[in-house]
Amino acid sequence: MEEDRLGRRIRAFRKLKGYTQEQLAKDIGISVSVLGEVERGSRKPKGDLIQRIADQFSINVEELQ
């Protein structure tokens with residue numbers, strides 16, 4: 001599934017950048033439970049959320065996919 005891969009990439013970048021789920025969720029304006037679902041691949045994030053995550057990590061959206 002594409003969501004699984006995207007979620008794994010988000011989790012990897014989050015850890016690489018030193019964020020906890022709580023910190024990242026707060027910074028991008030979503031709940032921790034939503035971020036957890038995205039990272040587990042059980043929720044497909046919309047384009048604007050993917051962009052906010054990429055912006056927070058200072059990377060291109062393509063690097064997450």
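You'll find the structure just up there.
Undergrad: Help me understand the environment of Arg-43 in this model?
TA: Residue placement: Arg-43 occurs in the loop between α3 (32–40) and α4 (47–57). With 39 residues separating them in the primary sequence, Arg-43 and Asp-4 have C-alpha atoms 9.1 Å apart. With residues near it in sequence (within four places) discarded, Arg-43 still touches Val-34, Glu-37 and Val-38. Looking at Arg-43, its side chain comes within polar contact range of the side chain of Glu-37, at 2.7 Å.

Undergrad: How should I be thinking about helix α1 (residues 2–16) in this particular structure?
TA: Think of an α-helix as turning once every 3.6 residues; residues three or four places apart then point the same way. Taking 1.5 Å per residue as the helical rise, α1 with its 15 residues ought to reach 21 Å, and the 21 Å between its terminal C-alpha atoms agrees with that figure. Every buried residue belonging to α1 is among Glu-3, Leu-6, Gly-7, Ile-10, Phe-13 and Arg-14, and all of these are buried. All buried residues of α1 fall inside an arc of 130° around its axis, so they share one side. Of the exposed residues in α1, those oriented more than 90 degrees away from the buried face are Arg-8, Lys-15 and Leu-16. Following α1 by one or two positions, Gly-18 has its phi on the positive side, about 85°.

Undergrad: I tried to follow the packing of aromatic side chains on my own but got confused; where do I start?
TA: Applying the stated rule across the entire model yields two aromatic pairs. Relative to Phe-57, the ring of Phe-13 has its centre 6.1 Å away and its plane inclined at 25°; by these criteria the two rings are stacked. Taken together, the positions of Phe-13 in helix α1 and Phe-57 in helix α4 put the pair 44 residues apart, joining distant regions of the chain. Pair check on accessibility: Phe-13 and Phe-57 agree, each one buried. Taken together, the aromatic side chains of Phe-13, Tyr-19 and Phe-57 make up a single cluster linked through ring pairs.

Undergrad: What is the right way to read the nonpolar core from this model?
TA: Generally speaking, soluble globular proteins have nonpolar side chains that are buried together. Membership of the largest hydrophobic core comes to 19 residues, with the highest contact counts inside it found for Ile-10, Ile-30, Ile-53, Phe-57 and Leu-64. Those elements giving two or more residues to this core turn out to be α1, α2 (21–28), α3, α4 and α5 (61–64). It is α4 that provides the largest number of residues to this core, a total of five residues. Each residue touching Ile-30, except ones within four places of it in the same chain, is listed here: Ala-25, Leu-35, Leu-49 and Arg-52.

Cut-off values and rules
Residues numbered from 1 in each chain as written. Predicted model: local features only at pLDDT ≥ 70, side-chain atom pairs only at ≥ 80, totals over all residues. Heavy atoms only, no water. Helix = DSSP H or I, 4+ residues; strand = E, 2+ residues; numbered from the N terminus. Contact = heavy atoms within 4.5 Å. Polar contact = N/O pair within 3.5 Å; in protein donor to acceptor, adjacent residues only side chain to side chain. Expected span 1.5 Å × (residues − 1). Buried < 20%, exposed > 50% of the residue type's maximum accessible area, 1.4 Å probe, protein only. Arc of directions from axis to C-beta. Phe/Tyr/Trp six-rings, centres within 6.5 Å; stacked < 30°, edge-to-face > 60°. Core = buried A, V, L, I, M, F, W, Y, C linked by side-chain atoms within 4.5 Å.

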